[in-house]
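The chain contents come next:
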Amino acid sequence: MSIDPILTASPAEGQPGANTRKVFIKTYGCQMNVYDSVRMGDALASEGYVPTEQMEEADLIVLNTCHIREKAADKVYSALGRLREMKKARNAQGQELMIGVAGCVAQAEGEEILRREPSVDVVIGPQTYHRLPAALRRARLGDRIVDTDYAVEDKFEHLPAVESTRVRSRGVTSFLTVQEGCDKFCTFCVVPYTRGAEVSRPFRQIVVEAQRLVDAGVREITLLGQNVNAWRSEGPDGREWGLGDLLYKLAEIPGLARLRYTTSHPRDMDDRLIEAHRDLRELMPYLHLPVQSGSDRILKAMNRRHTAEEYLRLISRIRAVKPDMAMSGDFIVGFPGETEQDFADTLRIVEAVGYAQAFSFKYSTRPGTPGADLPGHVAEDVKAERLERLQSLLLKQQAEFAKSCVGKVIDLLLEKPGRMPGQLIGRSPWLQSVNVDAKPSQIGDIIPVRIIGTGPNSLFAEPVGASSAS
Ligand code: 5AD
Ligand code: SF4
C-alpha cells in the first residue's frame with residue numbers, strides 16, 4: 001500500500017449555488033484514506049457542501065491524515081500552521097473558514113491537536129467520520145469538537161448511500177473498503193492502535209455497494225483493508241466466508257470487469273484466495289504482498305510470524321496457478337537490530353521474487369509500539385544508505401518489468417484523459433499507467449492495445465483492432 005502522501009482534492013462536481021458551502025479535503029497516506037475522503041465528501045454533501053479543488057475558495061478544509069511514520073504527522077502540523085494564517089485572514093474579512101482534522105493522526109493525537117492548533121474546529125477519527133456533519137454543526141455554535149471514539153454504531157450504515165450521480169463523476173475505477181483495523185501487531189506499526197481491531201464489513205453491505213458502483217459506470221473495484229485478506233463474514237449460505245469467496249461472488253456482477261484487493265498479509269493468503277486467482281478472469285494478476293524484510297531474525301523481531309522461505313514458497317504457489325502474477329511489496333530498512341547481513345537477506349529476497357512495483361521505507365520509531373523499545377536502533381545515515389541500495393534494486397526490477405511488457409498485446413481499461421489531446425490514460429492488468437490514442441467517449445471501455453514503449457512512470461501503447469469488451 002502506498003503511504004507517501006497522496007494529495008487529493010475531492011473531485012469537482014455539481015454546480016454550487018449562491019448559498020452552498022465548499023469543502024476541500026486533502027488526503028494523506030494510503031488508499032483507505034482516499035476512500036474515507038470520498039465517503040466524508042458524501043456525508044458532507046447531504047449537508048449542502050460541494051467539493052472544490054481550490055483550497056482558497058473552501059469554507060471548510062479537512063486534512064485526512066496518516067500516522068504511519070513520524071514525518072507524516074509533522075507534515076500535518078506544518079500544514080495546520082499555514083491554515084491558521086489563512087483562517088486569520090479570512091476572519092479579518094468577516095468570512096468563515098472551518099478546519100477539520102480527520103484520519104489516523106486525529107485518532108492518535110486527539111485533544112493534543114486542539115491544544116497545539118487553536119484554529120482547528122473539529123478532530124474526527126477514522127471510525128466516526130459519519131458524525132462529521134453533526135460535529136461541524138456544533139462547532140459552528142462555538143464548541144471545539146474531538147470525536148475519536150471507536151463508534152459502537154457501524155459508520156457505513158450511517159453514511160448516505162453512494163449515489164450514482166456522485167459516483168459517475170468519480171470515474172470508472174473505485175475503491176471499496178471491506179475491512180478495517182488489524183490484529184497482527186507487527187512491532188513497528190501503529191495501525192492496530194490507530195485503526196483498532198480487525199473488523200470486516202458484512203457481505204451483503206459490500207455486494208450492495210459494489211452493485212451501486214457498477215450501476216454508476218464503475219468497471220474496476222479495488223477492495224481495501226489494512227489486512228484485506230483477513231476479511232471474514234457470514235456468507236449467504238450461512239457459512240463463514242473469506243476474501244476468496246467474496247471475490248467469486250463479486251465477479252458475478254454483470255459489468256464489473258476487474259477486481260483487485262490490497263493490502264494483504266502473507267499469513268492470510270489461504271487456498272480459496274489462491275484458487276480465485278486461478279479461476280477468475282476478473283481478478284487482476286497483481287498482488288501487493290508486503291514482506292518487510294528478508295531476514296528471519298528481523299521478521300521474528302517484527303512479529304511477522306513467517307519466515308523468508310515461507311514467503312517465497314507462498315509466491316511459488318501463487319505463480320504456479322497464475323504465472324503472469326506481478327508482485328508488489330513493502331519493505332522497511334533499518335529496523336532495530338538490523339545488521340548488514342540481515343539487510344543482505346532483504347536484497348536476496350528481492351532478487352528471488354522480482355518485484356513489478358514496491359514501496360520501501362526507513363524504519364521510523366513510533367512511540368507506543370514494541371519496536372520503539374527494542375535495543376539496537378540503526379543510525380539514520382546507515383538507514384539512508386541501505387534504503388538507497390534497496391530502492392535502486394527495486395527500480396531496476398520495475399524498469400525491467402515495464403520493458404518486458406513492450407511488444408505485448410494487453411487489455412487496457414481506459415480511465416481518463418491523457419496529457420496530450422487525443423490521448424487517454426488506461427490501466428494495464430498489472431496496474432501500470434498506459435498512454436494510448438483514444439477518444440474521450442471510450443472512457444470505461446476495455447480495449448486491446450500493443451505496448452510500444454516505456455516512460456519513467458508509464459507505458460505507451462497503440463490500439464489493436466476494434467474495441468472489445470465494453
Ligand atoms: N516505519 C517505517 N515504515 C513503516 N510502515 C509501517 N510502519 C512503519 C514504520 N514504523 C510501512 C510498512 C507497511 C507500510 C504500510 O508502511 O512497510 O507495510
Ligand atoms: Fe501494521 Fe502489520 Fe497490521 Fe500491516 S499487518 S497494518 S504492518 S500491524
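All residue numbers refer to position in the chain's written sequence, counted from 1. Each chain is given a letter, starting from A, and each ligand a number, starting from 1, according to the order in which they appear as written. For a predicted model such as this one, the threshold for reporting local features is a pLDDT of at least 70, and the threshold for listing and counting side-chain atom pairs is 80 or more; totals across whole chains, interfaces and linings nevertheless cover every residue. Working from all heavy atoms in the structure, the side-chain values ignore hydrogens and water.

- For the protein, the name recorded in an unreviewed UniProt entry is tRNA-2-methylthio-N(6)-dimethylallyladenosine synthase, with Pseudorhizobium tarimense as its organism.
- Here the protein is described in UniProt, under the heading Catalytic activity (unreviewed entry), as follows: "N(6)-dimethylallyladenosine(37) in tRNA + (sulfur carrier)-SH + AH2 + 2 S-adenosyl-L-methionine = 2-methylsulfanyl-N(6)-dimethylallyladenosine(37) in tRNA + (sulfur carrier)-H + 5'-deoxyadenosine + L-methionine + A + S-adenosyl-L-homocysteine + 2 H(+)".
- UniProt positions are given in the numbering used here, feature names are shortened, and annotations may be inferred rather than shown by experiment. If you open the UniProt record of the protein and go to Subunit (unreviewed entry), you find "Monomer."

Considerations on helix α11 (residues 271-279)
Item 1. The classification of residues rests on relative accessible area computed with a 1.4 Å probe and restricted to protein chains. Under 20% of the type maximum is buried, over 50% is exposed, and intermediate values are partly exposed. By definition, any uninterrupted DSSP run of H or I lasting at least four residues is a helix, any uninterrupted run of E lasting at least two residues is a strand, and each is numbered from the N terminus. All of the buried residues in α11 are Leu273, Ile274, Ala276 and His277. Down the axis, α11 shows its buried residues gathered within 150 degrees of arc, on one side only.
Item 2. Each element contacted by the buried residues of α11 is listed here: α10 (243-250), β13 (258-262) and α13 (308-321). Working definition: the arc comes from the directions between the helix axis and the C-beta atoms, pointing outward to the latter. Note on contacts: a residue pair qualifies if any of its non-hydrogen atoms lie within 4.5 Å across the two residues.

Some words on the site of ligand 1
Item 1. Only a single heavy atom is needed: when it lies within 4 Å of a molecule or strand, its residue is near that molecule or strand. Close contacts around ligand 1 come from 12 residues, with Arg69, Phe188, Gln292, Asp330 and Ser364 the closest.
Item 2. N or O atoms within 3.5 Å of each other form a polar contact, as long as, within protein, one can give a hydrogen and the other can take it, and as long as residues adjacent in sequence are counted only when both atoms are side-chain atoms. Within the side chain of Asp330, one N or O atom sits 2.6 Å away from an oxygen atom of ligand 1.
Item 3. Per-residue and other accessible areas were derived by the Shrake-Rupley procedure at a 1.4 Å probe size, with only the shown protein chains allowed to occlude residues. Here ligand 1 loses 94% of its free accessible area of 410 Å² to cover by the protein chains.
Item 4. Going through the elements one at a time, β15 (326-333) and β16 (357-362) are the ones with two or more residues in the shell around ligand 1.

With respect to the packing of aromatic side chains
Item 1. Two rings belonging to Phe, Tyr or Trp (six-membered ring only in the last case) form a pair when the distance between their centres is within 6.5 Å. Interplanar angles under 30 degrees mark stacking, angles over 60 mark edge-to-face geometry, and anything in between is tilted. Counted under the stated rule, the structure contains 7 aromatic pairs.
Item 2. Ring centres of Phe185 and Tyr193 lie 5.6 Å apart, and the angle between their planes is 75 degrees; on these two criteria the pair is classed as edge-to-face.
Item 3. Residue Phe185 is classed as partly exposed on the basis of its relative accessible area of 37%.
Item 4. On the numbers, 5.3 Å between centres and 90 degrees between planes, the contact of Phe331 with Tyr355 is edge-to-face. Pair noted here: Phe331 is in strand β15 and Tyr355 is in the loop between α14 (340-353) and β16, with a separation of 24 residues, a long-range link.

Examining the UniProt feature "binding site: [4Fe-4S] cluster 2" (unreviewed entry) in the protein
Item 1. Per the UniProt record, the feature "binding site: [4Fe-4S] cluster 2" (unreviewed entry) sits at Cys182, Cys186 and Cys189.
Item 2. Note on placement: Cys182 falls in the loop between β8 (179-180) and α8 (191-194).
Item 3. Residues in contact with Cys182, not counting those within four places in the same chain, are Val191, Pro192, Gly196, Ala197, Glu198 and Asn227.
Item 4. Assignment of secondary structure puts Cys186 in the loop between β8 and α8.

Regarding the sheet that holds strand β5 (residues 122-124)
Item 1. If you trace the 6 strands from one edge of the open sheet to the other, you get β2-β1-β3-β4-β5-β6, paired in parallel fashion. Across the chains shown, the open sheet's two edge strands, defined by having one partner strand only, are β2 (49-51) and β6 (145-147). Neighbour to neighbour, the strand axes of the sheet diverge by 20 degrees on average, direction disregarded.
Item 2. Only when DSSP finds a minimum of two bridges between them are two strands counted as paired. In this sheet, strand β3 (residues 60-65) lies alongside strand β1 (residues 21-27) in parallel orientation, the contact comprising 5 bridges. Within β3, the position partnered with Phe24 by the bridge is Ile61.
Item 3. Packed on one face of the sheet, helix α5 (residues 132-140) meets β1, β2, β3, β4 (98-102), β5 and β6 and runs near 160 degrees to β5. Geometry is summarised by axes, namely lines fitted to C-alpha atoms with helices restricted to the contacting stretch, and by angles between N-to-C directions that run from 0 to 180 degrees.

Side note on the environment of Ile145
Item 1. Inspection of the secondary structure assignment puts Ile145 in strand β6.
Item 2. Residue class for Ile145 comes out buried when judged on its relative accessible area of 4%.
Item 3. With 45 residues separating them in the primary sequence, Ile145 and Gly100 have C-alpha atoms 9.4 Å apart.
Item 4. If we skip the residues at most four places from it in the chain, Ile145 touches Asp121, Val122, Val123, Ala135, Arg138 and Ala139.

As for the pattern of salt bridges
Item 1. Between Lys or Arg on one side and Asp or Glu on the other, a salt bridge is scored when a side-chain nitrogen of the former is within 4 Å of a carboxyl oxygen of the latter. Enumeration according to the criterion identifies 39 salt bridges in this entry.
Item 2. The residue Asp268 makes a salt bridge to Lys184 at a minimum N-O spacing of 2.7 Å. Here Asp268, found in the loop between β13 and α11, pairs with Lys184, found in the loop between β8 and α8; they are 84 residues apart in sequence, far enough to count as distant.
Item 3. Classification of Asp268 by relative accessible area gives buried; the value is 16%.
Item 4. The partner of Glu252 in a salt bridge is Lys249, and the shortest N-O contact between them spans 3.3 Å.
Item 5. For Lys249, a relative accessible area of 28% puts it in the partly exposed group.
Item 6. A single salt-bridge network, built from bridges that share partners, covers Asp237, Arg239, Asp245, Arg272 and Glu275.

Things to note about the domain arrangement of the protein
Item 1. We note that the domain assignment places domain 1 (6-147), domain 2 (161-284), domain 3 (285-404) and domain 4 (409-463) within the protein.
Item 2. Every contact between the two is made by 20 residues of domain 1 and, on the other side, 20 residues of domain 2.
Item 3. Around 1,800 Å² of area is buried between domain 1 and domain 2 when both sides are counted, 55% of it from carbon and sulfur atoms.
Item 4. Linking domain 1 with domain 2 are 2 salt bridges.
Item 5. The salt bridge partner of Asp36 is Arg195, with a shortest N-O separation of 3.1 Å. Start and end points for every domain follow an automatic or database-based domain assignment. Buried area is understood as the total, over both parts, of accessible area removed when two parts are fitted together, assessed with a 1.4 Å probe.

Notes on the site of ligand 2
Item 1. Within the structure, ligand 2 sits among Cys182, Lys184, Phe185, Cys186, Phe188, Cys189, Val191, Pro192, His265 and Arg304.
Item 2. Its residues placed into classes, the shell around ligand 2 shows 7 nonpolar, 1 polar and 2 charged. We call Asp, Glu, Lys and Arg charged. Ala, Val, Leu, Ile, Met, Phe, Trp, Tyr, Cys and Pro are nonpolar, and the rest, Gly among them, are polar.

A short note on the nonpolar core
Item 1. By nonpolar core is meant a set of buried Ala, Val, Leu, Ile, Met, Phe, Trp, Tyr and Cys residues that side-chain atoms within 4.5 Å join together. Counting 54 residues, the largest nonpolar core has Ile221, Leu223, Leu250, Tyr261 and Tyr355 as the members making the most contacts within it.
Item 2. Counting residues per element, this core draws most heavily on helix α9 (residues 203-215), which supplies 6 residues.
Item 3. Counting residues domain by domain, this core receives three or more from each of domain 2 (161-284) and domain 3 (285-404).
Item 4. Sequence-distant contacts of Tyr261, that is, excluding residues within four places in its chain, are made with Thr222, Leu223, Val228, Leu243, Leu247, Met269, Leu273, His277, Leu283 and Leu287.
Item 5. Membership of the second largest hydrophobic core comes to 24 residues, among which are Tyr35, Val122, Ile124 and Leu224.

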